[in-house]
Protein chains: 2
Amino acid sequence: MERFELYILGCGAALPTPHHFCSSQLLNVREKLFLIDCCEGVQMQLRRSRVKMQNINHIFITHLHGDHCFGLLPLLSTLALLGRTADIHVWGPVGLQSVFGSQIDYFCAGMTYTVHLHEIDHTTTSVILDDRSLTVTALPLRHRIPCVGYLFREKPLLPHIRRDAIDAFGIPLSQINNIKAGMDWTTPEGDVIPNHLLTTPADPPRSYAYLSDTLYTPELAPQLHGIDLLYHEATFLSEHQNLAQQTYHSTALQAAMMARECSARQLLIGHFSSRYTDENLLLREAQSIFPNTILADDRAPKPIDITTSRHVDISKAPLNNP
Amino acid sequence: MERFELYILGCGAALPTPHHFCSSQLLNVREKLFLIDCCEGVQMQLRRSRVKMQNINHIFITHLHGDHCFGLLPLLSTLALLGRTADIHVWGPVGLQSVFGSQIDYFCAGMTYTVHLHEIDHTTTSVILDDRSLTVTALPLRHRIPCVGYLFREKPLLPHIRRDAIDAFGIPLSQINNIKAGMDWTTPEGDVIPNHLLTTPADPPRSYAYLSDTLYTPELAPQLHGIDLLYHEATFLSEHQNLAQQTYHSTALQAAMMARECSARQLLIGHFSSRYTDENLLLREAQSIFPNTILADDRAPKPIDITTSRHVDISKAPLNNP
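So, how was this worked out
Residues numbered from 1 in each chain as written. Chains lettered and ligands numbered in written order. Predicted model: local features only at pLDDT ≥ 70, side-chain atom pairs only at ≥ 80, totals over all residues. Heavy atoms only, no water. Axes fitted to C-alpha atoms, helices over the stretch in contact; angles between N-to-C directions. Helix = DSSP H or I, 4+ residues; strand = E, 2+ residues; numbered from the N terminus. Left-handed = near helix turned anticlockwise from the far one by under 90°. Contact = heavy atoms within 4.5 Å. Nonpolar A, V, L, I, M, F, W, Y, C, P; charged D, E, K, R; others polar. 1 Å grid on protein atoms, 1.4 Å probe; cavity = no way out; pocket = protein on both sides within 12 Å on 5 of 7 lines; lining within 4 Å. Points joined across faces, edges and corners; volume = space filled by probe spheres on them. Core = buried A, V, L, I, M, F, W, Y, C linked by side-chain atoms within 4.5 Å. Buried < 20%, exposed > 50% of the residue type's maximum accessible area, 1.4 Å probe, protein only. Pairing = 2+ DSSP bridges.

> Would you mind showing me how to read the packing of helix H9 (residues 252–261) of chain B against helix H10 (residues 280–287) of chain B here?
In a packed pair of helices, the relevant descriptors are the angle between the two axes and the axis-to-axis distance. All names here are of chain B. Taken N-terminus to C-terminus, the directions of H9 and H10 make an angle of 40°; their axes are 8 Å apart at the nearest point. Handedness of the crossing formed by H9 with H10: right-handed. Along the contact surface, H9 presents Ala-252, Leu-253 and Ala-256, while H10 presents Leu-282, Glu-285 and Ala-286. Among the residues making up the contact of H9 with H10, the classes are represented as 5 nonpolar, no polar and 1 charged.

> For this particular structure, what's the right way to read empty space enclosed by the protein?
The method is simple in principle: a probe with the dimensions of a water molecule rolls over the atoms, and the space it marks as empty is what remains. In this structure the tally under the stated criterion is 1 cavity of 30 Å³ or more. Empty space within the largest cavity amounts to approximately 110 Å³. Contributing to the lining of the largest cavity are 14 residues, with Phe-70, Leu-73 and Gln-103 of chain A together with Leu-73 and Gln-103 of chain B lying nearest its centre. For the lining of the largest cavity, the secondary structure elements donating two or more residues are helix H3 (72–81) and helix H4 (96–107) of chain A together with helix H3 (72–81) and helix H4 (96–107) of chain B. For the lining of the largest cavity, the per-class residue count stands at 12 nonpolar, 2 polar and no charged.

> Explanation requested: the nonpolar core in the structure shown.
What tends to happen in soluble globular proteins is that the nonpolar side chains get buried as a cluster. Ranked by internal contacts, the top residues of the largest apolar core, which has 72 residues, are Leu-35, Leu-46 and Ile-59 of chain A together with Leu-35, Leu-46 and Ile-59 of chain B. Residues in contact with Leu-46 of chain B, not counting those within four places in the same chain, are Leu-9, Leu-26, Leu-35, Val-51, Met-53, Ile-56 and Leu-75 of chain B.

> Explanation requested: the sheet that holds strand E16 (residues 266–270) of chain B in the structure shown.
Across a sheet, strands are paired by hydrogen bonds formed along the backbone, either parallel or antiparallel in direction. Residues and elements named next belong to chain B. The strand order across the open sheet built from 7 strands is E7-E8-E9-E14-E15-E16-E17, with neighbouring strands paired in mixed fashion. The sheet terminates laterally at strand E7 (126–130) and strand E17 (293–295), the two strands that pair on one side only. Ignoring which end each strand starts from, the neighbouring axes of this sheet average 20° apart. Sheet analysis places strand E8 (residues 134–140) next to strand E9 (residues 148–154), joined by 7 bridges and oriented antiparallel. Note that in E9 the partner of Thr-137 across the bridge is Leu-151. Lying on the sheet, H9 is in contact with strand E14 (207–211), strand E15 (229–233) and E16; it crosses E15 at an angle near 150°. Across the sheet, H10 touches E16 and E17, and the angle it forms with E17 is around 170°.

> It is not clear to me how the sheet that holds strand E5 (residues 88–93) of chain A should be interpreted in this structure. Could you clarify?
All names here are of chain A. Ordered in space as E6-E5-E4-E3-E2-E1-E18, the 7 strands form an open sheet in which the pairing is mixed. The open sheet terminates on both sides in strands that have one partner only, identified here as strand E6 (115–120) and strand E18 (304–305). As defined by bridge partners, strand E1 (residues 4–10) adjoins strand E2 (residues 24–29) across 6 bridges and the pair is classed as antiparallel. Within E2, the position partnered with Leu-6 by the bridge is Leu-27. In the packing of H4 onto the sheet, contacts are made with E5 and E6, and the angle to E6 comes to roughly 170°.

Pasting the structure below:
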């Protein structure tokens, strides 16, 4: 099955530390690369992940706090120095243009490609990207400044052809696309072979949502129902809930509550406050009400495969992000 | 002797690579910390070096290409988040205010300390800082955009007291400062003990200069005569001299010629183009005319001690930066 993979490039809060970069992820949907948030050092992390930076065409910024966007300008600059020619689209809430417009003009002067800055209405849900293979929806989050989450939903996939049936009925190659699209097959003798004998059902489309930084926002749950993987910030433990509330962040427990509200298949938590030397405390707090939770880990050697994460047997899952 | 040490935080050119951060160094002059250039990720490198970031009061930017300044805003922001209250001074050529002023206002809004941006005349030599222990001089470099180098010169030090002589003549503690300042000592019997019997000569003041990015600029050599350590960019090998000329950079050979012109004690080269997988080629080219050359190495575990570098026995020096 084609890729639907998530690279964790950074998962710390506020400040980079010796343990974590700040917030950044890369989503690979069938070789389309989407960068989500853009922390300082993101280009180093992309290189480390052996991702082809030039294949990134869309960058989604949640909000204009430095730990989510300080790597944007260096990345855009590097792409120019490496000779990029394809346009790039940067999405983010109001302020994107005023904060980055003139800097891009200055540091990327004379560069060989165009940066399109798209400001999103952060007060409502809106589909911001809709192509053949997926939609990207911006979701209103609740943070100290305008902030949007992002939902990536694959479009319905086509059923699989049963090669044995095709061979048995001698169906020519030219008809394969029609059969994938749902047509029955009529033999030269006039017998109608129903489509369901020629195909196996399509894989269910996959989905991923990124909610950071935010207070607990259960009002978004209906739109995220049944999501394969939910990333939710879990800056604090419940014992620091007052602090979470004051700073418009969530606790690990609230992240888990959100995953439960959404009937998510799996929860990924991150944006860890550097006050916690043992992030397993955050993991255990979330797992107490949503067992299929994993920790974001920006030093993990491999991306998270969102397809196979559907089939994770929790009883065998290690406590840490594998 | 009090410290005069240089930390290499980054020594690559143009783009960060898996091998190098871009340009940044930290100079510790008797526990005063001066940051020179400020590449993306500099705060991670400062942490790795176990340097107390909050003790940095001056940041010197050579020019406004991203590989020399993309880490400035993240660093200033982090210092604010860590509760800094002391003012910080950022020095750089014309454009500093227009490029960074509004970004600092935005990202450091409500922060607990003040950033002073000082624009330097990049067309002439000028002393920009002059305190009890050192002077910092800006030097006009020749690059594609306004660019300044920096010369750090310790002020003359006081002679050392000869404790044996002090004891022998029974000189009271209250007179030590006078004797350090050059006074003779008159015994109760009226004998005058000349100062040179009571002291040993002061250590010669130490000096460091940072020249990057630039074409070969021999016109600066008189001001740098006898410098202890000269950092000079060596982006290219001589075989790429045309490229160096076009982009206003230097070859390793030109860096070495400059060190020879200055009668420098030691040359440190950096700003390596990522085209060279073996930087020893650059080192050997420089050493061919200036043997006491070392390679900058941003993964070196220890700073370069500029005091002891005076006494390096070249014949025993390893080929790489120790």
